[in-house]
Amino acid sequence: MMALWPLLHFTFLGFSITWPLVHGQGFQETAAVWPSLFNVSLPQKAQESIQIPNNGSAPLLVDVQVFVSNVFNVDILQYTMSSMLLLKLSWLDTRLAWNTSAHPRHAVTLPWDSLWTPRLTILEALWVDWRDQSPQVRVDQDGHVKLNLALTTETNCNFELLHFPRDHSNCSLSFYALSNTAMELQFQTHAVNEIVSVKREYVVYDLKAQVPPQQLVPCFRVKMSLKNTALKSIIALLVPAEALLLADVCGGLLPLRAIERIGYKVTLLLGYLVFHSSLVQALPSSSSCNPLLIYYFTILLLLLFLSTMETVLLARSSLGAKSSPSPAPRGEQQEHGNPGPHPEESPRGVKGSQRSWPETADRIFFLVYVVGVLCSQFIFAGIWMWAACKSGPAPGEAAPHGRRPRP
C-alpha cells in the first residue's frame, strides 16, 4: 500500500503534472523524464515498485495472450512477412494492492513507465511499430496488473518452398525480455487467431504460442503456419509452361518438309526462353531445398531445345535427300521392262518410295518424344508427392552450444 500511494495520489489528482516523454524509434526506446521534485519526495518503496516484483524463490509469472489480427505482405523472394498483433499481459504485484475501505477505487490507470513492465524485443523483427508509444497500465485493488500492447512488425521467415506453389511454412516470432533473467521472470502464453479475411495468397491455418525450454533469457514464441493458396502461381507459371509443351508436341504433326515447321519450332523455343528468364526472377532461390518447379521448367527447356534441334537437322537432311539423284529411274526402267504389274502392287510401291529416311526418323522421334513427355510428367508428379527436404539448422543453432554462451 505504501508503494502505490504516491502513484495513486497523482492518479486521483488527475496527473496535474505533465511528464514529458522522450520518444525513440520504437517502444523499447521510450524513456520518461521525471521531475526532480517527484524523485526526491518519492518514498523508497515507491522507487522499488519500478523494479521487478519479488516472487520469492519462484520467478514472476506473466500471463500473455497473443491475438493475431492480420498477416500480409508475404514476400517469398525476400523471406519476409508482416503481421499485426495484440499482446495482453497480466501479472500480480502485491506491492500495488490497497485497501478499498480506505480508498474506494477498485482499479486505477497509470502510465506504463511509472511501474515495472516487461520490456519485449522481437528477435526476428526487421522493424516494429508499437501503435501506442505511451500505453496505460491498469492496476486492480488486489495488485493484478494488466497491460495491452498493439504492434505491427515485419519479420524474417524461413519459408519451406520445395513444393511451391503448394508450400506450407512455419514462421516464428520470438519475444525476449532482455532486461531480466529466467530466474526472475517466466511467461505463460496463449494464442488466438483473429484473422477474418481469407482473400489473400497466404493464409494462416494454425497458430501456436509456446515457451522454449532452457533459455537464459525469459522469452515466448508465437508460431504461425502459413499455406499458399497457389491460384496466382498456377495461372501465371504452370498453365503457360504446359501450353507451350503441348504446342511443341502438336508441332511434330506438321510435315517435315514444310518450311513453316522450322519457324514454328524456333518461335516456340524463343518464346519459352523469354518465359524462362522471367520465371527465374519470379521463383525464390535458397541455399537448400530449392523449389521443384525450377528443375521442372529446366527440363521443359531441354525438351523444347531437343525437339527444335531434331526438326532443324532432319529438315536439312530431307532437303538434301530431295535434291540428290533419286534411284527412281532404275525403278522406272524395271517397270518398263515388266509392263504387266499387278494393279494392287503399284500403289504400294509408289507409297513406299514417297517416304525418305529423314521422314521415317522424324516419325520415330515423334513417338519417342511423346512417350518421353508423358513419362516426364508422371515422374515429376511422383517426385512432387513423395519428395521431402528439410533445411539445415541456422548457423547459430548449428554451433556446438547453439545460442547458449560457452561456459
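For the structure given in this document, a descriptive report is provided here. Remember, it's a predicted structure, so these values are computed and weren't measured experimentally. (Residues numbered from 1 in each chain as written. Predicted model: local features only at pLDDT ≥ 70, side-chain atom pairs only at ≥ 80, totals over all residues. Heavy atoms only, no water.)

Observations concerning the pattern of salt bridges
Reasoning step 1: Evaluated as defined, the whole model comprises eight salt bridges.
Reasoning step 2: With its nearest N and O atoms 2.9 Å apart, the salt bridge here joins R95 to D93.
Reasoning step 3: Its relative accessible area of 21% is what places R95 among the partly exposed residues.
Reasoning step 4: R363 is the salt-bridge partner of D362, the closest N and O atoms lying 3.4 Å from each other.
Reasoning step 5: Beyond isolated ion pairs, a larger network of salt bridges with shared partners links R261, E310, D362 and R363. (Salt bridge = Lys/Arg side-chain N within 4 Å of Asp/Glu carboxyl O. Buried < 20%, exposed > 50% of the residue type's maximum accessible area, 1.4 Å probe, protein only.)

Details of the packing of helix 4 (residues 231–251) against helix 5 (residues 259–282)
Reasoning step 1: Two elements in contact, helix 4 and helix 5, have axes separated by 10 Å at closest approach and are oriented at 165°. Between helix 4 and helix 5, the angle falls in the class roughly antiparallel. Once helix 4 is placed against helix 5, the crossing between them reads as left-handed. Here helix 4 contributes A236, L237, P240, A241, L244, A247, D248 and G251 to the contact with helix 5, which in turn contributes R261, Y264, K265, L268, Y272, F275 and L279.
Reasoning step 2: For the contact of helix 4 with helix 5, the residue count by class is eleven nonpolar, one polar and three charged. (Axes fitted to C-alpha atoms, helices over the stretch in contact; angles between N-to-C directions. Helix = DSSP H or I, 4+ residues; strand = E, 2+ residues; numbered from the N terminus. Parallel < 35°, antiparallel > 145°, perpendicular 65-115°, else oblique. Left-handed = near helix turned anticlockwise from the far one by under 90°. Contact = heavy atoms within 4.5 Å. Nonpolar A, V, L, I, M, F, W, Y, C, P; charged D, E, K, R; others polar.)

Thoughts on a nonpolar patch on the surface
Reasoning step 1: Together, I262, V266, L270, L273 and V312 make up an exposed nonpolar region whose accessible area comes to about 360 Å².
Reasoning step 2: The element that contributes the greatest number of residues to the nonpolar patch is helix 5, accounting for four residues. (Patch = residues over 30% accessible without salt bridge, like charges linked within 9 Å, V, L, I, M, F, W, Y side chains within 5 Å. Areas by Shrake-Rupley, 256 points an atom, 1.4 Å probe, with all protein chains shown as cover.)

Structural notes on the sheet that holds strand 12 (residues 202–210)
Reasoning step 1: Pairing is antiparallel across the open sheet formed by four strands, whose spatial order is 6-10-13-12. Sheet topology places strand 6 (121–122) and strand 12 at the edges, where each strand pairs with a single neighbour.
Reasoning step 2: As defined by bridge partners, strand 12 adjoins strand 13 (residues 219–228) across eight bridges and the pair is classed as antiparallel. The partner of K208 across the bridge, within strand 13, is K223. (Pairing = 2+ DSSP bridges.)

Observations concerning the environment of V128
Reasoning step 1: Of note, V128 is situated in strand 7 (residues 125–130).
Reasoning step 2: Residue V128 is classed as partly exposed on the basis of its relative accessible area, which comes to 22%.
Reasoning step 3: Spatially, the C-alpha atoms of V128 and S83 are 10.0 Å apart, while their sequence positions differ by 45 residues.
Reasoning step 4: Other than its neighbours up to four places away in sequence, V128 contacts I122, L151, T152 and T153.

Considerations on the state of the cysteines
Reasoning step 1: According to the stated counting rule, one finds two disulfides in the structure shown.
Reasoning step 2: Here C157 pairs with C171 through a disulfide, and the sulfurs are 1.8 Å apart. Taking the torsion about the sulfur-sulfur bond, which here is approximately -75°, the covalent link between C157 and C171 counts as left-handed. Here C171 lies in strand 10 (residues 168–176) and C157 lies in the loop between strand 9 (144–156) and strand 10, a separation of 14 residues in the sequence.
Reasoning step 3: Accessibility expressed as a relative area gives 1% for C171, which makes it buried.
Reasoning step 4: Paired through a disulfide, C289 and C389 show a sulfur-sulfur distance of 1.8 Å. When the S-S torsion is -80°, as for the bridge of C289 with C389, the disulfide is left-handed. You can see C289 sitting in the loop between helix 5 and helix 6 (292–323) and its partner C389 sitting in the loop between helix 9 (357–386) and helix 10 (395–398), a full 100 residues away along the chain.
Reasoning step 5: A relative accessible area of 12% places C289 in the buried class.
Reasoning step 6: If you count the bonded cysteines of the chain from the N-terminus, they pair up as 1-2, 3-4. (Disulfide = S-S within 2.5 Å.)

So yeah, pure geometry; function would need other evidence.
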